[in-house]
Amino acid sequence: MTDANPTSTDRDAQTDTERGAHSETTSSGVFSRLPDWVGRYRIPIGLVLFVLLLRPVVALPFLLGFESVATTILIIVLFVAAFNLLFGYTGLLSFGHAMFFGFGMYGAAIAMSGHGPAPELGFLVGAVVGVALAAFVGYTLGRLTVGKGEIYFAFLTLAAAEAVYFIANRDPFGITGGSNGISGGAQPGWIESFRGELTVTLIPWPDALVDVFGWLDDWYLLVGLVFLLAMGALWQVVRSPFGRSLIAIRENENLARAMGIDTARYKVWAFTISGAFSALAGALMAINNHGASQEWLSVFTSGDTVLMAVLGGVHYFFGAVAGVFVWEFTADYLTDFAVLDLGFIAVDISRELSHWQFLLGAVFVVIVLVSPNDGIWGYVRAYAARGWARIEEVLR
Amino acid sequence: MTDHDATARTGDADATAETAPEPTRGEPHARDDREDDQPDPVVEPQAAALATTDIRRTFGEVVAVDDISIAVEPGELRAVIGPNGAGKTTLFNTIMGSLPATAGSVHLDGEDVTDRDEHERPHMGLARSFQSNELMADQSVLENVRVFVQTADRGAFSFDLFRDHRDVGRERALDLLDTVGLDADPEALAKNLSHGDQRRLGIAMALATDPEVLLLDEPTSGMSPGATRATADLVQQVQSELDLTVVLIEHDMDVVLSISDRITVLDRGSVIATGPPESIRENDAVQSAYLGGMREEL
């Protein structure tokens, strides 16, 4: 079992651990015919499928009808998954994760806008510095706060993030742009922007190469590649012995300590890793959004991150995917259409929909009531397992 | 018993328990009942598998553990008994480091571990099971044991990031489940086990740390007489198979009298008697302070 699913009632999830994809307690004959590696690597397989399918799906005319949101979703999924390494897997609630995202975003944007030592390397330098800074701050802050108890940890991280927000607001040395953020010129040389569409000119492909699908200069696919590498790394952390120690700490910290786990040190490193990957997501967002803006540093970003993680299901690796997808999709969907066409009557509801956060809040409440602890992903899994069992029965 | 340990610690042959700690604490203790102590073979803290020397733990005004000195020989099975609130579990907690000792010291195999962190002690050969079923309720039975096999193997902290956890410690965890006679499905969730099986799982988890000294806090609590007997047998079997030193908190007198080599009786935070089962059974101080009307049962 590669993602932790402690609260699941889904027996499949519990039994596929050791003896290949599914063991004898599983009713699913369909899965048992698949080779072992499918079970063992189903999360990376799922991630690849997600990257490949996300854009065509959201671009369907009866869904959103435009593609650009797909890139945003990938980046935020990475952010929420990094946050969830700390929240869902280690059991530490950080209320200031926006600052880590901001380190990556501002680091990249500052370097790209010509403040860095080597403008031509701009983005790369900025991203590396941002990620390193996030890791350093995560480690230092972790050392100071992880032993303080849950509530204090939440508030100390919140305080730290607020401090970062106000520093950015003060515009030190004129590099953070104050409340305007950073926009003009914040683009690496290998990105071309045309009517909001980004194309990548990083690699001078030989002319002989015919780009049938338009994939070679596709910004979405470049983000997808980074997304897969980063999510793959997070998945490896979660399934490694290191990650299992984190889960032991979440499940029963007193027990973990009594059994010889140095809980404080694991927490500090979970915080560090989580911060670094959050900054990577921020750096990608700096290109995607043509710069850095202060709202990404605000407490609302931190809060949304928590909500998206809970919405998706914090104990599942795919919880971040589900939570962010539903959140972003709902937000875009609700703000995108203005006329409710029922066939016989069309109602203009654009005014009501300007309060889309309210509707999103309602969705959140319903999900939490229907599937407490497990979120959307846990609910879908349990449902899918029941569905499979039913199909098996019918086939037999 | 207490006298001997205190003597051994200070290295002063003439010192007694009454005089040695008094200058530092300066508070008189009513210890008349000590006269009835059965003399223990002298075990110096340095030679003992586990020794506490005048260990003390207070909660505000309450003295939960009051200068307890015990020395457990290697290979011994020691029972710790006493009425509720006698300080048995607090004694375990101070030995394990879950609660820092207010005063006194803990020696493990001759080494002073008083200032070691709680998470360091399991790596020095000290393990415990809990009075209540402390486990990872939402993880599989196997994972409950496997993760601590991994911890014992890799140390208190390890950047073991490039492996699949399923390839680490699985065989040994299954062996341990077998050792404690837990025949439930290893992939079942720990919370779905019966109470008795959860107690067994607790012992398997403690064994996962590969201990030399094993502290068991009421391993038979809440069990039927049959299961209690089976657990007592298990404790004996595990001890001899793995060559362990065992300290056992236990309420069931049949178990205590039948399997322990020596018994330490606590009352209100102090040791009131230590000795082999037959002498404890006859001990007047124990009779009056603890067993009361239980003479029949003994």
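Predicted model, so just to flag it, every value in this text is computed and none were measured.

### Some details on the overall build of chain A
The helix and strand inventory of chain A stands at 17 helices and four strands. The buried share among the 396 residues of chain A stands at 52%. Considering only contacts in chain A between residues 6 or more positions apart, those separated by 24 or more positions represent 72%. When the accessible surface of chain A is totalled, it reaches about 18,000 Å², and 66% of it is carbon and sulfur.

### What to know about the interface of chain A and chain B
Taken together, the contact between chain A and chain B spans 39 residues of the former and 43 residues of the latter. The closest approach of N and O atoms between R40(A) and D164(B), which form a salt bridge, is 3.3 Å. One can count 17 residue pairs in polar contact (both at pLDDT 80 or more) joining chain A with chain B. Put simply, the parts of the chain that give the side of chain A that touches chain B at least two residues each are α1 (11–15), α9 (219–239), α10 (241–251), α11 (253–258) and α12 (263–288) of chain A. By residue number, the principal contributor to the side of chain A that touches chain B is α10(A), which donates eight residues. For the side of chain A that touches chain B, the class distribution of residues is 14 nonpolar, 13 polar and 12 charged.

### A few points about the sheet that holds strand β9 (residues 262–267) of chain B
Pairing between the strands of a sheet is mediated by backbone hydrogen bonds and can be parallel or antiparallel. Residues and elements named next belong to chain B. Read from one edge to the other, the open sheet built from six strands follows the order β6-β7-β8-β3-β9-β10, with strand pairing classed as mixed. With one partner strand each, in any of the chains shown, β6 (126–129) and β10 (270–275) form the two edges of the open sheet. Averaged over all pairs of adjacent strands, the angle between their axes in this sheet comes to 20°, without regard to strand direction. Sheet topology note: the strand β3 (residues 77–81)/strand β8 (residues 245–249) ladder contains four bridges and is parallel. Opposite V80, over in β8, you have I249 as the bridge partner. Against the sheet, helix α3 (residues 88–96) touches β3, β6, β7 (213–217), β8 and β9, its axis set at about 145° to β6.

### What about helix α4 (residues 141–154) of chain B?
Taking 1.5 Å as the rise per residue, α4(B) with 14 residues should run 20 Å; its terminal C-alpha atoms sit 21 Å apart, in good agreement. Within α4(B), 11 of the 14 residues are buried, which leaves the element mostly enclosed by the surrounding structure. Taken residue by residue, α4(B) has V141(B), L142(B), E143(B), N144(B), V145(B), R146(B), V147(B), F148(B), V149(B), Q150(B) and T151(B) as its buried positions. Turning to α4(B), the residues buried within the fold contact α10 and α11 of chain A together with α5 (170–179) and α6 (195–208) of chain B. Looking at the residues trailing α4(B), positive phi occurs at G155(B), about 100°.

### Comments concerning unusual backbone geometry
With phi around 50°, D67(B) is a residue other than glycine that occupies positive phi space. In this model, R268(B) sits at a positive phi of 45°, which is unusual for a non-glycine residue.

### Description of the packing of helix α7 (residues 122–145) of chain A against α12(A)
Residue and element names in this part refer to chain A. Packing of α7 against α12 leaves a shortest axis separation of 8 Å and a crossing angle of 150°. Classified by the angle their axes make, α7 and α12 are roughly antiparallel. For the element pair α7 and α12, the recorded crossing hand is right-handed. Within the contact between the two elements, α7 uses F123, A127, G130, V131, A134, A135, G138, Y139, L141, G142 and R143 and α12 uses V268, W269, F271, T272, G275, A276, A279, L280, A283 and I287.

### Some words on the environment of V299(A)
Residues and elements named next belong to chain A. Along the chain, V299 turns up in helix α13 (residues 299–312). For the pair V299 and H97, spaced 202 residues apart in the sequence, the C-alpha separation amounts to 8.7 Å. Sequence-distant contacts of V299, that is, excluding residues within four places in its chain, are made with L158 and E162.

### What about the environment of L99(B)?
Considering the arrangement of structural elements, one finds L99(B) in the loop between α3 and β4 (103–108). In this structure the C-alpha to C-alpha distance between L99(B) and R57(B), which are 42 residues apart in sequence, comes to 8.1 Å.

### Focus: a nonpolar patch on the surface
On the surface, W37(A), Y41(A), I45(A), V48(A), L49(A), L52(A), L53(A), V57(A), L60(A) and F62(A) cluster together into a nonpolar patch covering about 910 Å² of accessible area. By the element assignment, L53(A) lies in helix α4 (residues 42–58).

### Observations concerning the pattern of salt bridges
Overall, the coordinates contain 23 salt bridges over all chains when judged by the stated rule. The shortest N-O distance in the salt bridge between R154(B) and D153(B) comes to 3.2 Å. With a relative accessible area of 27%, R154(B) lands in the partly exposed category. For D153(B), a relative accessible area of 54% corresponds to the exposed category. R163(B) is the salt-bridge partner of D160(B), the closest N and O atoms lying 3.4 Å from each other. Given a relative accessible area of 41%, R163(B) falls into the partly exposed group. Sharing partners across several salt bridges, the network here consists of R40(A), R239(A), D164(B), R166(B) and D167(B).

### Looking at the sheet that holds strand β1 (residues 50–59) of chain B
Residues and elements named next belong to chain B. The four strands are arranged β2-β1-β4-β5 in an open sheet whose pairing can be described as antiparallel. Among the strands making up the open sheet, the edge pair consists of β2 (62–72) and β5 (111–112). Strand direction decides the pairing type here: β4 and β5, joined by two bridges, are antiparallel. Paired with H107 across the two strands is D112, which belongs to β5. Relative to the sheet, α3 contacts β1, β2 and β4, its axis offset from that of β1 by approximately 115°.

### What to know about the confidence of the model for chain A
Residues at a pLDDT of 70 or more form 84% of chain A, whose mean pLDDT is 83. Throughout residues 1–29 of chain A the model reports pLDDT below 50, and contacts reaching past four residues in sequence, or to other chains, amount to 98 contacts.

Criteria and thresholds
Residues numbered from 1 in each chain as written. Chains lettered and ligands numbered in written order. Predicted model: local features only at pLDDT ≥ 70, side-chain atom pairs only at ≥ 80, totals over all residues. Heavy atoms only, no water. Helix = DSSP H or I, 4+ residues; strand = E, 2+ residues; numbered from the N terminus. Buried < 20%, exposed > 50% of the residue type's maximum accessible area, 1.4 Å probe, protein only. Contact = heavy atoms within 4.5 Å. Areas by Shrake-Rupley, 256 points an atom, 1.4 Å probe, with all protein chains shown as cover. Salt bridge = Lys/Arg side-chain N within 4 Å of Asp/Glu carboxyl O. Polar contact = N/O pair within 3.5 Å; in protein donor to acceptor, adjacent residues only side chain to side chain. Nonpolar A, V, L, I, M, F, W, Y, C, P; charged D, E, K, R; others polar. Pairing = 2+ DSSP bridges. Axes fitted to C-alpha atoms, helices over the stretch in contact; angles between N-to-C directions. Expected span 1.5 Å × (residues − 1). Parallel < 35°, antiparallel > 145°, perpendicular 65-115°, else oblique. Left-handed = near helix turned anticlockwise from the far one by under 90°. Patch = residues over 30% accessible without salt bridge, like charges linked within 9 Å, V, L, I, M, F, W, Y side chains within 5 Å. pLDDT = per-residue confidence, 0-100.

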